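Breakdown of the fold
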Amino acid sequence: MFRTRPDHRTETVQVIVEGRALMVPEGSSAAAAILLAGLASIRETAVSGSPRLPWCMMGICFDCLTEIDGVANRQACMVPVAVGMRIARQHGARDVPR
Amino acid sequence: MTGRRFDAMVIGGGLVGSAIAWGLRREGLSVALLDEGDAAFRASRGNFGLVWVQSKGLGAPWYQRWTRQSAESWPGLADDLAKQNGLSLGLSQPGGLHLCLSDREMNKRAERLEQMKREAGNYGFEYRMLDAREARDLLPGLGPAVVGASFTPYDGHVSPLALLRSRHQGFTALGGVYLPNVKITGIATAPRNFLLETNLGTIQAERAVLAAGLGNAKLAPHFGLKAPVRPQRGQVLVTERTRAALPMPTTTIRQTGEGSIMLGDSVEEVGFDTRQSQPVMAEIAHRAALCFPWIGRLNVVRAWSALRVMSPDGLPIYD
Amino acid sequence: MNLVPVKAPQAPRKFDLAIVGAGPSGMAAAIAAREFGLSVLVVDENAAPGGQVFRAAELAGADPALARDMAPGLELIARFRALDVTYRPGATLWMLDPDTGTLSLSCLNETMEFVAERILLATGAQERPVPIPGWTLPGVMSAGAAQIALKTAGMVPSGRVVLAGQGPLMWLLANQLIRAGVMPVLVETRTQPILRTALEQGGIFSGFAQLTKGIGLILKARQSGMRVISGARHLRAEGAARVQSLRFEGGFEPCDTLLLHEGVIPSTHISMAIGLEHFWDARQLCWRPRLDVFGASTHARIAVAGDGAVIGGWEAAVASGQLAALDAAFRLGRMAQAARDFQAEASADALLQARTLRPFLDALYAPSHEILAPPEESTIICRCEEVTAGSLRWAAAIGATGPNQAKAYLRCGMGPCQGRLCGPTVAAVIAETRNVPVEEVGHFRPRAPYKPITVQELAGAQHGADRLS
Ligand SMILES: Cc1cc2nc3c(=O)[nH]c(=O)nc-3n(C[C@H](O)[C@@H](O)[C@H](O)COP(=O)(O)OP(=O)(O)OC[C@H]3O[C@@H](n4cnc5c(N)ncnc54)[C@H](O)[C@@H]3O)c2cc1C
Ligand SMILES: Cc1cc2nc3c(=O)[nH]c(=O)nc-3n(C[C@H](O)[C@H](O)[C@H](O)COP(=O)(O)OP(=O)(O)OC[C@H]3O[C@@H](n4cnc5c(N)ncnc54)[C@H](O)[C@@H]3O)c2cc1C
Ligand code: FES
């Protein structure tokens, strides 16, 4: 669970995390938006289905794999937020994109 | 560990050596399995996992028969190993397709399999050339670039790494002695007496089996044999896991038990060079995306190159 | 600053020097290389220059929690921004062919290629894994992760925050969090005594300024009323669906966010993948590329600078970047050897000065064995494939002499992170089981693509598209 400090980061961007609209500071990554949304987890692993949230925020661990704008398994901590970005839970192995 | 004696020693702990060592141990012999360490040319760690029959043994009917027979004995082997170790090898033999992306490829393929059938004679060889629509019925999601395919019911795939693990685990469980990180410094041979000087001490046995893959080329002459094998590079790409999407393997695309899609595999004559080459990777990716456009949108999470153990004519070496 | 078009041109554009990473070492190298007239390409997967230490400095510079730490970075970034170099932010290097000097980059889902005479890897460090039981629970993060959230978005963990582990970065983060209005509890795992270590390792006189700064951070945090628990052992994160507490021998701290840290190690993923020779640094307990004083590697085209070469902090990173740029100018025939050596002196001095305190810090904050090789069988080591310490010990016992064979048996290191995170732990557990030193066990052999790219992207890479007849 994270919170913003609006006094010090005034510029914000609206994104949608798991269907809920959310204002996040400009410069955030999609993973930061996930932490701000306060979700219990953002993905279930493909191996055992256990819940995960970001671990490193710098592109090392891949625990932030998320569906972003309809594309599965993106590394959310490496994707800067953009207006209207849709961030959704990754349920284990991805569906086949047909 | 100086001066150990065994009934048999097997040099090389890949799929071939570990299978032979396992078998000898099961027959009650004391067996040493000698292997290199963590970084080694070990085709068994880098292969594609097909249990493949169609087109194997063109121009060599005996090899065609062997291949079929060994594919047929796979279910029994997988059961045996699963019983021994409780480890599933993910064997599946639903038949397989070879996809053709042009009429020329299609014609060449038809000729090839026709010849296989001719050469099979009484043994028989069942295959079908499928048009694009028939192929799509078997493998949904095929792209418009696919003009047709050949099908045989004999083909399948298995997890090669689970097999390797199962062999090593089983051999040790049976009381076999696995000796990795070995460096052979001297070889002395006499009838029913083979002696190796190694960094682990001397190792002596009544019987010796050379299963060192590419290492056999150098080892064989010391035993009065010839094994003129050469390296042939192959590169493989692996995607992230997806839900089950491919009901059967093709010559170059298969979905593993874990859900990854493997894309393979190139054939390159570059000597002992296991570097990757971007143009070849690009070509594998390009062809895969033509065959299945949806695969184009998957992430490649892993890739490698490895060396096949190839004989001069591509056929098994035997006396 | 000129930007190149997103679409790769027919023949890849050529540069004298390509620099991977726009952290302090990469930026300093670019500034120096321009002074010697080299044409320079700088690529970085982040959206802005700064690297780890000065990440998002241009945004965070005005944040009172960070301003003082970001100030030196802002100056460096301003000088970098003013350069006439080709700077490609948001571009990830996914393959490097050292023999041809070809860099393959992924940018907005497209592949770009560039070619360079010399290539400098300035890809920095990563945090050491902290594989305690429960470290995969949601709500457990690395300390660096929380710092990145603070730098890029000004955000802080809410609720009860526990910082656990050791190292200079932990104390820095504690201060930054306090300044940002969060009072963490710090559970320190340090086992080495400060005074004796200082006397044994030396460097405290020449490194006096750094030492005072470090002690200042510790005092400041304590004066602000932060609770510090020292000498904690046997850490475990507990909770059902997310972390609820940190347990350790003789203690228990409830928490909503648990931030772990045990120091940083060079990111060697790319330097290993391209086959540079590496060696085991027994003091910093990590692999490092073998380099000369200028950062030149065992491959004639490649140099490594900054914390990706050896952990030394940002000032050392700047100095080593400058040295690498000088050497590039010399090797490209733009400077005589004598001139290079003469000009190198200032940077070499700065490098020495920046590193004086390192032996002391490395010794003081050496991670304990239970962090390097988790004793409990059920502790997850490979987060991607969920491989445990117990199964690794089993693999080592049946004959896996190193990480690559263990990977073949167990799939550890086969997930999307490609062994970046589990690599050190896998090697340490095998070494412990076989009772041999880690250097004998070896390391994973990473392969391209260094970061996942789509099949389509790979297919579009330079020569691929028109190969198929
Ligand atoms: C999480 C973390 C936080 C840290 N915070 C601090 C701090 O607050 N204060 C401090 O003094 N030190 C900090 N450090 C230590 C840090 O290593 C600094 O000493 C300094 O940032 C090192 O500078 P550098 O130029 O060597 O590398 P870095 O600053 O790490 O820069 C490396 C750059 O390379 C880029 N890169 C890496 N791989 C690729 C790729 N494949 N393609 C494209 N670009 C790539 C990265 O995006 C990054 O910008 C931190 C380290 C870490 C890991
Ligand atoms: C890219 C690729 C794809 C492939 N795809 C398939 C496929 O789909 N289906 C299929 O059936 N086959 C496939 N193969 C072929 C298959 O992998 C090999 O035929 C098989 O692994 C050979 O096993 P081996 O035990 O003979 O050799 P290896 O696995 O190479 O084992 C040889 C062993 O000997 C050891 N050794 C060598 N020298 C010495 C020495 N001096 N002392 C001690 N030990 C030594 C090595 O360390 C190694 O462990 C593929 C191969 C590659 C490279
Ligand atoms: S949180 Fe580690 S890769 Fe994104």
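Residues numbered from 1 in each chain as written. Chains lettered and ligands numbered in written order. Predicted model: local features only at pLDDT ≥ 70, side-chain atom pairs only at ≥ 80, totals over all residues. Heavy atoms only, no water.

Observations regarding the interface of chain A and chain C
- With 38 residues of chain A at the contact, the number on the chain C side is 52 residues.
- Across the chain A/chain C interface, buried area totals approximately 3700 Å², and carbon plus sulfur atoms make up 59% of it.
- Remark: the boundary between chain A and chain C carries three salt bridges.
- With three residues, the top contributor of residues to the side of chain A that touches chain C is helix 1 (residues 30–37) of chain A.
- A per-class count over the side of chain A that touches chain C returns 22 nonpolar, ten polar and six charged.
- Of the pairings in the sheet, the one linking strand 1 (residues 2–3) of chain A to strand 9 (residues 156–157) of chain C comprises two bridges and is antiparallel in character. Bridged to Phe2 of chain A within strand 9 of chain C is Pro157 of chain C. (Contact = heavy atoms within 4.5 Å. Buried area = accessible area lost by both parts, 1.4 Å probe. Salt bridge = Lys/Arg side-chain N within 4 Å of Asp/Glu carboxyl O. Helix = DSSP H or I, 4+ residues; strand = E, 2+ residues; numbered from the N terminus. Nonpolar A, V, L, I, M, F, W, Y, C, P; charged D, E, K, R; others polar. Pairing = 2+ DSSP bridges.)

A closer look at the domain arrangement of chain B
All names here are of chain B.
- In terms of domain boundaries, chain B breaks down into domain 1 (4–49 + 160–223), domain 2 (50–74 + 88–157) and domain 3 (229–313).
- The partner domain 3 presents 19 residues to the ten residues of domain 1 that form the contact.
- Interface area, domain 1 with domain 3, both sides summed: about 1100 Å², of which 76% is carbon and sulfur.
- On the surface where domain 1 and domain 3 come into contact, there are zero salt bridges.
- The tally of links from domain 1 across to domain 3 stands at two residue pairs in polar contact (both at pLDDT 80 or more). (Domains from an automatic or database assignment. Polar contact = N/O pair within 3.5 Å; in protein donor to acceptor, adjacent residues only side chain to side chain.)

Let's talk about helix 3 (residues 74–85) of chain B
Residue and element names in this part refer to chain B.
- With twelve residues, helix 3 extends 16 Å between its outermost C-alpha atoms, agreeing within 8% with the 16 Å of an ideal straight helix rising 1.5 Å per residue.
- Turning to helix 3, the residues buried within the fold contact helix 1 (15–26), strand 3 (50–51), helix 2 (61–72) and helix 6 (160–173).
- Remark: Gly86 follows helix 3 within two positions and exhibits a positive phi of approximately 70°. (Expected span 1.5 Å × (residues − 1).)

Topic: the packing of helix 13 (residues 389–398) of chain C against helix 15 (residues 423–434) of chain C
All names here are of chain C.
- Viewed as axis vectors pointing N to C, helix 13 and helix 15 meet at an angle of 50°, and their least axial separation amounts to 9 Å. Viewed along their axes, helix 13 and helix 15 adopt a mutual orientation that is oblique. For the pair helix 13 and helix 15, the crossing hand works out as right-handed. Together, Ala389, Leu392, Arg393, Ala396 and Ala397 of helix 13 and Val426, Val429, Ile430, Glu432, Thr433 and Arg434 of helix 15 make up the contact between the two elements. (Axes fitted to C-alpha atoms, helices over the stretch in contact; angles between N-to-C directions. Parallel < 35°, antiparallel > 145°, perpendicular 65-115°, else oblique. Left-handed = near helix turned anticlockwise from the far one by under 90°.)

Quick word on unusual backbone geometry
- Following Ala448 of chain C, the chain continues to Pro449 of chain C via a peptide bond in cis, the omega torsion being -5°.
- Counting through the fold element by element, Pro449 of chain C comes out in the loop between helix 16 (438–441) and strand 23 (453–454).
- Although it is not a glycine, Asn73 of chain A sits at a positive phi angle of roughly 55°.
- With respect to the element layout, Asn73 of chain A can be found in strand 7 (residues 71–75).
- Classification of Asn73 of chain A as buried rests on a relative accessible area of 12%.
- In this structure, Arg411 of chain C is a non-glycine residue whose phi angle is positive, near 75°.
- Here Arg411 of chain C shows up in the loop between helix 14 (403–410) and helix 15.
- Arg411 of chain C gets classed as buried once you look at its relative accessible area, which sits at 18%. (Buried < 20%, exposed > 50% of the residue type's maximum accessible area, 1.4 Å probe, protein only.)

Notes on the state of the cysteines
- One pass over the structure, following the stated rule, counts zero disulfides over all chains.
- Looking at the unpaired Cys100 of chain B, the closest cysteine sulfur is the one in Cys291 of chain B, lying at 9.4 Å.
- With no disulfide of its own, Cys255 of chain C lies 18 Å from the sulfur of Cys61 of chain A, the closest cysteine sulfur.
- Judged by relative accessible area, Cys255 of chain C falls into the buried class, the value being 1%. (Disulfide = S-S within 2.5 Å.)

Observations regarding the interface of chain B and chain A
- Residue-level contacts link eleven residues of chain B with eleven residues of chain A.
- Taken over both partners, the interface formed by chain B and chain A buries close to 1000 Å², and the fraction arising from carbon and sulfur atoms is 49%.
- Applying the counting criterion to the chain B and chain A interface returns two salt bridges.
- On inspection of chain B and its partner chain A, the count reaches eight residue pairs in polar contact (both at pLDDT 80 or more).
- In terms of residue class, the side of chain B that touches chain A is made up of four nonpolar, three polar and four charged.

Brief notes about the site of ligand 1
- Taken together, 31 residues sit near ligand 1, with Ser25, Asp44, Gln52, Gln147 and Asp307 of chain C positioned nearest.
- Near ligand 1, the surrounding residues are drawn from chains A and C.
- Between a nitrogen atom of ligand 1 and a main-chain N or O atom of Glu45 of chain C, the distance comes to 3.0 Å.
- Trp314 of chain C places a polar main-chain atom, nitrogen or oxygen, 3.3 Å from an oxygen atom of ligand 1.
- Among the elements of the structure, helix 1 (24–35), strand 4 (92–97), strand 7 (125–127), helix 4 (143–153), helix 5 (168–179) and helix 9 (314–331) of chain C are those that each provide at least two residues to the shell around ligand 1.
- Taken together, the residues of the shell around ligand 1 break down into twelve nonpolar, 14 polar and five charged.
- Both domains that meet at the shell around ligand 1, namely domain 1 (3–126 + 265–335) and domain 2 (129–262) of chain C, each give it at least three residues. (Near = heavy atom within 4 Å.)

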